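Chain by chain, the residues run as shown.
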Amino acid sequence: MRAIVITKPGGPDVLQLDELPDIQPQRGEVRVRVRATAVNRADVLQRQGRYPAPVDCPANIPGLEYAGEIDAIGEGTTDLRIGDRVFGLVGGGSYSEHIVAHWRTVARMPEGLSFEEATALPEACLTAYDAIILQCKLSPGETVLINPAASGVGTAAVQIARAIGAITFGTTRTSEKMERIFELGLEHGIVCPDGKFAEKVMTMTDKRGVNVVLDLIGGNYINEDMKCLAMKGRLIVVGLLGGTKADLDLAQLLMRRLEVRGTTLRARPLEEKIAAAQVLTHNIVPMIEKGHVRPIIDKIFKLEQIDEAHAYMESNRSFGKIVITV
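What you are looking at is a predicted structure, and each value in this text was computed from that prediction instead of being measured.

Caption draft 1: Structural detail: the packing of helix α3 (residues 122-135) against helix α4 (residues 152-164). As a packed pair, α3 and α4 sit with axes 8 Å apart at the nearest point and diverge in direction by 55 degrees. One way to sum up the angle between α3 and α4 is to call them oblique. Read as a crossing pair, α3 and α4 show a hand that is right-handed. Touching E123, A124, C125, T127, A128, Y129, I132 and I133 of α3 are G152, V153, A156, A157, I160, A161 and I164, all from α4. Considered class by class, the residues forming the contact of α3 with α4 number 12 nonpolar, 2 polar and 1 charged.

See below:
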């Protein structure tokens, strides 16, 4: 099978298209002929040597999501058949023609979607839904701030929050991206090229603050996030693009009874990955089928252009997902 291999830690040029031995599903697994995958920040960090893959995943093949067709089934698998069009998440390895996964972590694609559209959804939608709905308990009528709103997870979070009736605030660094986010249903936008947004959020909310903040940046954004939170507000940190260190005002944490948590999907045990697939099937797919959530694709590259795709991701010019056809 063809696959993209990380030859050594470094820039996009260390990604190499290689021919590897075919893989076979074991008991309880299915093999998927991958038709499309997508680039995520975790792939960039793994390529740089800063985010190793989980021990049960290929150490040198990036890729967290996929869409394709089942072409082989191991013993002990039920409900899925060869030829089924499926999509989902893996801990790594989807930059290749085949992946194997436990059958209960695999979800059927919504009707009417192409492989390119389907692969743009699992990581972004599951990360957003798990963070703001399952963990932060965002409710209809509550307010949520999404930092930044133009990323893959950000665009998914805007749509999911709107679908449940929450009031959405979002940040971005350019007015061009902000116009596109408004088209997704964002209600209140803040263009902040300097990363400062708390004062504007408090003005927009009549100094009440927001109930939930979804932060995809980390670093200095965390201090701004804390200033935006209402009494009993919840902050959840998903990304660390801005750095791993932040100053927290613990007095405000106590006085306003704030909640701060971090999360990741990649390193969860099998039981939780199965639960995530059920959320994808039963909670997110219906939103997609009703038109409340749609894939937001910026550019599509071929597998042979993976170095260009990674360079584009690192340029921070993208809006939504960067998709790879396999």
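Additional details are given in the paragraphs that follow.
Caption draft 2: Region of the structure containing the nonpolar core. Counting 51 residues, the largest nonpolar core has F87, I132, L138, I160, I181, L214 and I284 as its most contacted members. Secondary structure elements with two or more residues in this core: α2 (115-119), α3, β8 (143-147), α4, α5 (175-183), β11 (210-215) and α9 (270-289). Looking at this core, the element that brings in the most residues is α3, giving 8 residues. Residue contacts for I132: discarding those within four places in its chain leaves K137, L138, V144, A157, I160, A161, V212 and L214. Counting residues in hydrophobic clusters, the runner-up holds 30 residues, among them I6, V30, F301 and M313.

Caption draft 3: Geometry of α4. Counted at 1.5 Å a residue, the expected span for α4 with its 13 residues is 18 Å, and the 19 Å between its end C-alpha atoms agrees. Taken across its 13 residues, α4 has 10 buried, putting it largely inside the fold. Residues of α4 that are buried: G152, V153, G154, T155, A156, A157, V158, Q159, I160 and A161. Immediately downstream of α4, the backbone of G165 shows phi near 95 degrees, a positive value.

Caption draft 4: Here's a closer look at the side chain of R234. Relative to the helices and strands, R234 resides in strand β12 (residues 229-237). At 2.9 Å, the side chain of R234 forms a polar contact with the backbone oxygen of C136. When near neighbours in sequence (up to four residues on either side) are disregarded, R234 contacts C136, K137, L138, E142, N211, V212, V213, L229 and E259.

Caption draft 5: Main features of the packing of aromatic side chains. Scanning all chains against the criterion turns up 2 aromatic pairs. Where F197 meets Y221, the ring centres are 5.3 Å apart and the plane angle is 50 degrees; that geometry is what we call tilted. Of this pair, F197 sits in the loop between β10 (188-191) and α6 (198-204) while Y221 sits in helix α7 (residues 221-228), and the two are 24 residues apart along the sequence. Accessibility assignment for this pair places F197 and Y221 in one class, buried.

Caption draft 6: View of the environment of I4. Note that I4 resides in strand β1 (residues 2-6). Judged by its relative accessible area of 1%, I4 is buried. Sequence-wise, I4 and E19 are 15 residues apart; in three dimensions their C-alpha atoms are separated by 8.7 Å. Aside from chain neighbours lying at most four places away, what touches I4 is L15, Q16, L17, N60, I61, P62, Y95, L303 and I306.

The rules we used
Residues numbered from 1 in each chain as written. Predicted model: local features only at pLDDT ≥ 70, side-chain atom pairs only at ≥ 80, totals over all residues. Heavy atoms only, no water. Axes fitted to C-alpha atoms, helices over the stretch in contact; angles between N-to-C directions. Helix = DSSP H or I, 4+ residues; strand = E, 2+ residues; numbered from the N terminus. Parallel < 35°, antiparallel > 145°, perpendicular 65-115°, else oblique. Left-handed = near helix turned anticlockwise from the far one by under 90°. Contact = heavy atoms within 4.5 Å. Nonpolar A, V, L, I, M, F, W, Y, C, P; charged D, E, K, R; others polar. Core = buried A, V, L, I, M, F, W, Y, C linked by side-chain atoms within 4.5 Å. Buried < 20%, exposed > 50% of the residue type's maximum accessible area, 1.4 Å probe, protein only. Expected span 1.5 Å × (residues − 1). Polar contact = N/O pair within 3.5 Å; in protein donor to acceptor, adjacent residues only side chain to side chain. Phe/Tyr/Trp six-rings, centres within 6.5 Å; stacked < 30°, edge-to-face > 60°.

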